[in-house]
Amino acid sequence: MNEITPNPGQKKRRVEMTVRPTGPILPPSNIQGNALMVVIAIMAFLACLTLGGVSMVRATASSWQSEISREITIQITPADGLDMGAALVKARDLALTFVGTRDGQIMDDSATARLLEPWLGTGLNLEDLPVPRLIVITIDESNPPDFEAMRALLKVEVPQAFLDDHRTWVDRLVQMASTTVLIGSGILILVFTAMVLTVVFATRGALSGNRHIIEVLHFVGAEGSFVAQEFQKHFLKISLKGAAAGGLLAAVFFALAGFWQSRSLATPESDQATALFGTFTIGWGGYVGIFATMVVIALLTTITARLTVMRTIYEIDLIRSDPARTDGLLDD
């Protein structure tokens, strides 16, 4: 037999090894994952809605407080033999003599009639009605005048005059804003707590269905951090999708509410909504807060999933080291 000699110039062909692509431990989508995504989306929507509502009420209360604290009101009630015009001018001039006052404006008949239109209608003749007249005094917020001295002087010079510095209303607005923020914070805490508990149960359910895979991986030497990282990635994707859906839905809600309010100005419904809640605009700060809430929800979900996986792996290690603990751990 003739021996075939290899050609020195011919290179040996190297057989390349192909590595089979690895698949994820958990399936990309299943019923549990989709249900958890919907729950996170609902909770993110509620959390962002609460955050936006609290921000809106705080901004409205702050605006009211600023407007009220910049002005005081002098009210003069009609009386027999009282020259209302002279009394208004005298009360305004007396108030402007105090340090800390900037300007004084007497509300004319047309302005007073507009204030009474919602209750008494149009076409009013103020001379036929015992309607008090108002003087609006603008003050320096950083250096307000002595209200008690002003009140005492007006009582002597113009007995029918009454000074209202709006302190009662300012205190009530501050208390209302603080209470609203407290209630909103409590709702946010409840939403986050419910979300964390939901993620815990969802993660444990996913682990129960894939416990044999985790045990095999752990048996062949896979570290607990590797398994936890796989579950962490899985739940991070779910939480990001759910939080993004809920946050975007809340942002669209506020945008549509602001658009509706801008298109329905001077209507009874819009006026009542504006009086109670202010404008339905949360500004860039509100949208940044919604984005921050979405990030916080995703982080909470990821951290909760990782801690739950690590605890389950620790339980597996305890069972492998001492099978007698199986019943106690399963009961937990």
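Residues numbered from 1 in each chain as written. Predicted model: local features only at pLDDT ≥ 70, side-chain atom pairs only at ≥ 80, totals over all residues. Heavy atoms only, no water.

S.K.: Residues and numbers for the overall build of the chain, please.
M.R.: The helix and strand inventory of the chain stands at 10 helices and 4 strands. Traced from its N-terminal end to its C-terminal end, the chain shows the element sequence α-β-α-β-α-β-α-β-α-α-α-α-α-α. Residues classed as buried in the chain amount to 33% of the 332 residues present. Across the chain, every contact between residues at least 6 apart in sequence was considered, and the portion connecting residues at least 24 apart equals 81%. (Helix = DSSP H or I, 4+ residues; strand = E, 2+ residues; numbered from the N terminus. Buried < 20%, exposed > 50% of the residue type's maximum accessible area, 1.4 Å probe, protein only. Contact = heavy atoms within 4.5 Å.)

S.K.: With reference to specific residues and values, describe helix α4 (residues 147-157).
M.R.: Those residues of α4 that sit buried are Phe 147, Met 150 and Leu 154. Looking down the long axis of α4, one finds its buried residues gathered within 60 degrees of arc, a one-sided arrangement. Those residues of α4 that are exposed and angled more than 90 degrees off the buried face are Glu 148, Lys 155 and Val 156. Its side-chain oxygen placed 3.3 Å from the backbone nitrogen of Glu 148, Asp 146 serves as the N-cap of α4. (Arc of directions from axis to C-beta. Polar contact = N/O pair within 3.5 Å; in protein donor to acceptor, adjacent residues only side chain to side chain.)

S.K.: Describe the nonpolar core, with residues and values.
M.R.: If you look at the biggest cluster of nonpolar residues, it comprises 27 residues, and the most contacted ones within it are Leu 36, Met 195, Ile 290, Ile 297 and Val 309. Broken down by element, the residue count for this core peaks at 9 residues, all from helix α7 (residues 224-263). In this structure, Ile 72, Ala 87, Leu 94 and Ile 135 belong to the second largest nonpolar core, which totals 19 residues. (Core = buried A, V, L, I, M, F, W, Y, C linked by side-chain atoms within 4.5 Å.)

S.K.: Which residues make up the sheet that holds strand β4 (residues 161-164), and what values do they have?
M.R.: In any sheet, the strands associate via hydrogen bonds between backbone groups, in a parallel or an antiparallel arrangement. Here we have 4 strands laid out as an open sheet, ordered β2-β3-β1-β4, and antiparallel in their pairing. The open sheet has two free edges, formed respectively by β2 (101-106) and β4, since each of these has just one partner strand. Averaged over all adjacent pairs, the angle separating strand axes in this sheet is 20 degrees, with direction ignored. With respect to the sheet, helix α2 (residues 84-96) is in contact with β1 (71-76), β2 and β3 (133-139), its orientation differing from that of β2 by roughly 170 degrees. (Pairing = 2+ DSSP bridges. Axes fitted to C-alpha atoms, helices over the stretch in contact; angles between N-to-C directions.)

S.K.: Describe the pairing of β1, listing the residues and the values that go with them.
M.R.: Taken together, the 6 bridges between β1 and β3 define a ladder with antiparallel strand orientation. Across the sheet, Gln 75 pairs through a bridge with Leu 134, a residue of β3. Relative to β4, β1 is paired through 4 bridges, and the arrangement is antiparallel. Within β4, the residue paired with Gln 75 across the bridge is Phe 162.

S.K.: Kindly report on the confidence of the model for the chain, identifying the contributing residues and their values.
M.R.: Looking at the chain as a whole, the pLDDT averages 77, with 75% of positions reaching at least 70. Helix α10 (residues 326-331) is the least confidently modelled element of the chain, averaging 52 in pLDDT, while α2 averages 90, the highest of any element. (pLDDT = per-residue confidence, 0-100.)

S.K.: Break down the environment of Gly 186 for me, citing the residues and quoting the values.
M.R.: One can find Gly 186 in helix α5 (residues 167-209). Residues Gly 186 and Thr 50 lie 136 residues apart in sequence; the distance between their C-alpha atoms is 10.0 Å.

S.K.: Can you lay out the packing of α2 against α4 for me, pointing to particular residues and giving the numbers?
M.R.: One can describe the packing of α2 onto α4 by two numbers: an axis separation of 10 Å at closest approach and a directional angle of 150 degrees. When the axes of α2 and α4 are compared, the pair comes out roughly antiparallel. The chirality of how α2 crosses α4 is right-handed. Here Lys 90, Ala 91, Leu 94 and Ala 95 of α2 lie close against α4, whose contacting residues are Met 150, Leu 153, Leu 154 and Glu 157. Its residues placed into classes, the contact of α2 with α4 shows 6 nonpolar, no polar and 2 charged. (Parallel < 35°, antiparallel > 145°, perpendicular 65-115°, else oblique. Left-handed = near helix turned anticlockwise from the far one by under 90°. Nonpolar A, V, L, I, M, F, W, Y, C, P; charged D, E, K, R; others polar.)

S.K.: With reference to specific residues and values, describe the pattern of salt bridges.
M.R.: A side chain with one charge can pair with a side chain of the opposite charge if their charged atoms come near. Applying the stated criterion across every chain yields a total of 4 salt bridges. Two residues, Arg 151 and Glu 148, come together in a salt bridge whose shortest N-O distance is 3.2 Å. Taken together, the residues Arg 151 and Glu 148, both in helix α4 and 3 residues apart, mark about one turn of the helix. Look at Arg 151 and you get partly exposed, because its relative accessible area is 25%. Residue classification places Glu 148 among the exposed residues on the basis of a relative accessible area of 51%. (Salt bridge = Lys/Arg side-chain N within 4 Å of Asp/Glu carboxyl O.)

S.K.: Quick rundown of a nonpolar patch on the surface? Include the residues and the values.
M.R.: A contiguous nonpolar surface patch, about 500 Å² in accessible area, is contributed by Phe 291, Val 295, Leu 299, Ile 303 and Leu 307. If you trace the backbone, Val 295 turns up in helix α9 (residues 283-321). Under the relative-accessibility criterion, Val 295 is labelled partly exposed at 37%. (Patch = residues over 30% accessible without salt bridge, like charges linked within 9 Å, V, L, I, M, F, W, Y side chains within 5 Å. Areas by Shrake-Rupley, 256 points an atom, 1.4 Å probe, with all protein chains shown as cover.)

S.K.: Please give an account of the pairing of β3 that cites residues and values.
M.R.: Within β3, 5 of the 7 residues are buried, leaving the element largely enclosed by the surrounding structure. As paired strands, β2 and β3 are joined by 5 bridges and run antiparallel to one another. The partner of Asp 103 across the bridge, within β3, is Thr 138.

S.K.: Can you explain the environment of Thr 138? Please cite residues and give values.
M.R.: Among the structural elements, Thr 138 can be located in strand β3. Take Thr 138: its relative accessible area is 27%, and that puts it in the partly exposed class. Considered as a pair, Thr 138 and Glu 71 are 67 residues apart in the sequence and their alpha carbons are 4.6 Å apart. With residues up to four places along the chain from it excluded, the contact list for Thr 138 reads Arg 70, Glu 71, Thr 101, Arg 102 and Asp 103.

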